[in-house]
Amino acid sequence: YQVRYTSDLQDFDINLKGRQQSGRLLRFGFGYRNIQFNEGGLAALRGSFNTVDTDGNEAPGFNDPNDGLSNAALTAVPGAGLTLASGAGGFFENTAPTAPDQLLFTSATSATNQLNGLQATLDATFLESEYFSIGGYAKAGVYHNRSRGSVTESYRDLENGLSNYSRSRSDSKDRAAFAGNLGITGTVFLRDNLRLFGGYELMYLSGVALAPDQAGGLRTDLANVTSLDLQSNGKALFHGGRIGFEILFP
């Protein structure tokens, strides 16, 4: 088996806030923020296909050569069954000297989130001297999230008939999401208009679609139609360091 999970985050904001002044401990502001949070997941399982024949007797000399799943059994239900993409069709545990089918099952999930909205910001100064300062900041907002997700399943025979079946479902939703950041910073004054800063930050998201959750969103109704109900109530936490330069203009 193999499992893979990836996340990609892009964060952009522009804010208006009070000018930083010596002795001013708090600065408030507001601004616009865009967050793009995308994920992909994959789970794959490989093994030998094994079934019981129609009479259930697999003793030597009594095992009938009819073990398997036919193409009709896999594709018969419109809206819920699989689609044959290539190959002879069906899976079989063929009797000797033919080796049993080797099957590879994969489930690929994806989720995208695009958050847009306004946020409030707060900057605080804890300690300040002629050469450095230590402070913190926070920003938070409630955003419109346009989220999308998909689940794609593949069932492949790697030997004999080489049958390849697949099905794919997708969904999208609009909902409210929350994003908040907390950070602590240290700044060294190199010159009057040039500063070196570093810090550590936490970022929390809620109301987002996560790739692993989407497999649990597949639903089959009374008409045997399978669809994806996008799971968009996930949460994510990021943390890491920052380092950079500040250039001040008159």
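Please refer to the structure higher up on the page.
Counting starts from 1 at the beginning of each chain's written sequence and moves along it residue by residue. Residues qualify for local features only when their pLDDT is at least 70, as the model is predicted, and side-chain atom pairs are given and counted only at 80 or more; totals for whole chains, interfaces and linings, by contrast, use all residues. Only hydrogens and water are removed before side-chain values are computed, so all heavy atoms of the structure are retained for them.

J.: Looking at this model, I keep getting lost on empty space enclosed by the protein. Mind explaining?
T.: Rolling a probe over the atoms, with the probe sized like a water molecule, indicates the empty space that remains. Cavity and pocket criteria rest on a 1 Å grid covering protein atoms alone: a 1.4 Å probe that fits but cannot get out defines a cavity, protein on both sides within 12 Å along at least 5 of 7 lines defines an open pocket, and an atom within 4 Å of a point defines a lining residue. Grid points are joined across faces, edges and corners, and a volume is the space filled by probe spheres set on the points. Taken as a whole and assessed by the stated rule, the structure comprises one cavity of 30 Å³ or more. Roughly 30 Å³ of volume is contained in the largest cavity. Forming the boundary of the largest cavity are Val 151, Glu 153, Arg 167, Ser 168, Arg 169 and Leu 218. Those elements that place two or more of their residues in the lining of the largest cavity are strand S7 (132–157) and strand S8 (164–189). For the lining of the largest cavity, the leading source of residues is S8, giving three residues. For this scheme, ten residues count as nonpolar: Ala, Val, Leu, Ile, Met, Phe, Trp, Tyr, Cys and Pro. Four count as charged, namely Asp, Glu, Lys and Arg, and the remainder, Gly too, count as polar. Looking at the lining of the largest cavity residue by residue, the class counts come to two nonpolar, one polar and three charged. Secondary structure elements follow DSSP: runs of H or I of four or more residues count as helices, runs of E of two or more count as strands, with numbering from the N terminus.

J.: Sorry, what's going on with the side chain of Asn 34 here?
T.: Within the secondary structure, Asn 34 is located in strand S2 (residues 26–48). Polar contacts involving the side chain of Asn 34 include one to the side chain of Asn 116, which spans 2.8 Å. Residues contacting Asn 34, with those up to four places away along its chain left out, are Gln 10, Asp 11, Phe 12, Gln 114, Leu 115 and Asn 116. Distance and chemistry together define a polar contact, namely a pair of N or O atoms within 3.5 Å, with one atom able to donate a hydrogen and the other to accept it when in protein, and with adjacent residues in sequence counting only for side-chain atoms on both sides. The criterion used for residue contact is that any of the two residues' heavy atoms lie within 4.5 Å.

J.: Would you mind showing me how to read the pattern of salt bridges here?
T.: Where charged atoms of side chains with opposite charge meet at close range, the side chains can pair. The rule for a salt bridge is simple: a side-chain nitrogen of Lys or Arg has to be within 4 Å of a carboxyl oxygen of Asp or Glu. Taken as a whole and assessed by the stated rule, the structure comprises eight salt bridges. Note that Lys 173 and Asp 229 form a salt bridge whose closest N and O atoms lie 3.0 Å from each other. Here Asp 229 lies in the loop between strand S11 (226–228) and strand S12 (234–247) and Lys 173 lies in strand S8, a separation of 56 residues in the sequence. Summary of the burial criterion: residues with accessible area below 20% of their type's maximum are buried, those above 50% are exposed, and those between are partly exposed, where the area comes from a 1.4 Å probe applied to protein chains only. Relative accessible area serves as the criterion here: at 29%, Lys 173 is assigned to the partly exposed category. Between Glu 201 and Arg 242 there is a salt bridge whose closest N-O contact spans 2.3 Å. Separated by 41 residues along the polypeptide, Glu 201 in strand S9 (residues 194–208) and Arg 242 in strand S12 bring together distant segments of the chain. Ionic contacts of the salt-bridge type, sharing partners, join the residues Lys 17, Arg 27 and Asp 123 into one network.

J.: How should the layout of surface pockets be read in this particular structure?
T.: One number sums up the size of the largest pocket: a volume of about 1,100 Å³. Around the largest pocket, the lining is made up of 40 residues, and of these Lys 17, Gln 20, Arg 27, Asp 123 and Glu 246 lie nearest the centre. If you list the elements that add at least two residues to the lining of the largest pocket, you get strand S1 (2–17), strand S6 (102–128), S7, S8, S9 and S12. It is S7 that provides the largest number of residues to the lining of the largest pocket, a total of seven residues. Among the residues forming the lining of the largest pocket, the class breakdown is 14 nonpolar, 14 polar and twelve charged.

J.: Before we go on, may I ask you to explain the pairing of S2 in this structure?
T.: Remember that side chains alternate between the two faces of the sheet whenever the strand is regular. Paired strands, in this sense, are two strands between which DSSP finds at least two bridges. Pairing of S1 with S2, which is carried by 16 bridges, proceeds in the antiparallel orientation. Among the inter-strand pairings, Asp 13 is bridged to a residue of S2, identified as Arg 33. By the bridge criterion, 23 bridges tie S2 to S6 in an arrangement that is antiparallel. What sits directly across from Gly 29, in S6, is Thr 121.

J.: How do you make sense of the packing of aromatic side chains when you look at a structure like this?
T.: For any pair of aromatic rings, the description consists of the separation of the ring centres together with the inter-plane angle of the planes. Planes of paired rings set the category: under 30 degrees apart is stacked, over 60 is edge-to-face and the rest tilted, where pairs are Phe, Tyr or Trp rings (Trp by its six-membered ring) whose centres lie within 6.5 Å. A full pass over the atoms with the stated rule returns five aromatic pairs. A ring pair is formed by Phe 49 and Phe 91, whose centres lie 6.2 Å apart and whose planes are at 65°; its orientation type is edge-to-face. On the criterion of sequence distance, the pair formed by Phe 49 in the loop between S2 and strand S3 (68–69) and Phe 91 in strand S5 (residues 91–92) is long-range, its members being 42 residues apart. Exposure class is identical for Phe 49 and Phe 91. Each is buried. Measuring from centroid to centroid gives 5.5 Å for Phe 91 and Tyr 165, while their planes differ by 80°, and the two rings are edge-to-face. Separated by 74 residues along the polypeptide, Phe 91 in strand S5 and Tyr 165 in strand S8 bring together distant segments of the chain. According to the relative accessible area criterion, Tyr 165 is buried, its value standing at 0%.

J.: Just to check I follow, could you spell out the nonpolar core for this structure?
T.: Here is a general trend for soluble globular proteins: nonpolar side chains tend to be buried in one another's company. Core analysis: the largest hydrophobic core is formed by eleven residues, namely Ile 35, Phe 37, Leu 115, Tyr 143, Ala 177, Ala 179, Met 203, Leu 205, Val 208, Leu 210 and Ala 236. For this core, the secondary structure elements donating two or more residues are S2, S8 and S9. It is S9 that provides the largest number of residues to this core, a total of three residues. Apart from residues no more than four positions distant in its own chain, Met 203 is found in contact with Leu 9, Asp 11, Arg 33, Ile 35, Gly 180, Asn 181, Ala 236, Leu 237 and Phe 238. The set of buried Ala, Val, Leu, Ile, Met, Phe, Trp, Tyr and Cys residues whose side-chain atoms join them within 4.5 Å is what this entry labels a nonpolar core.

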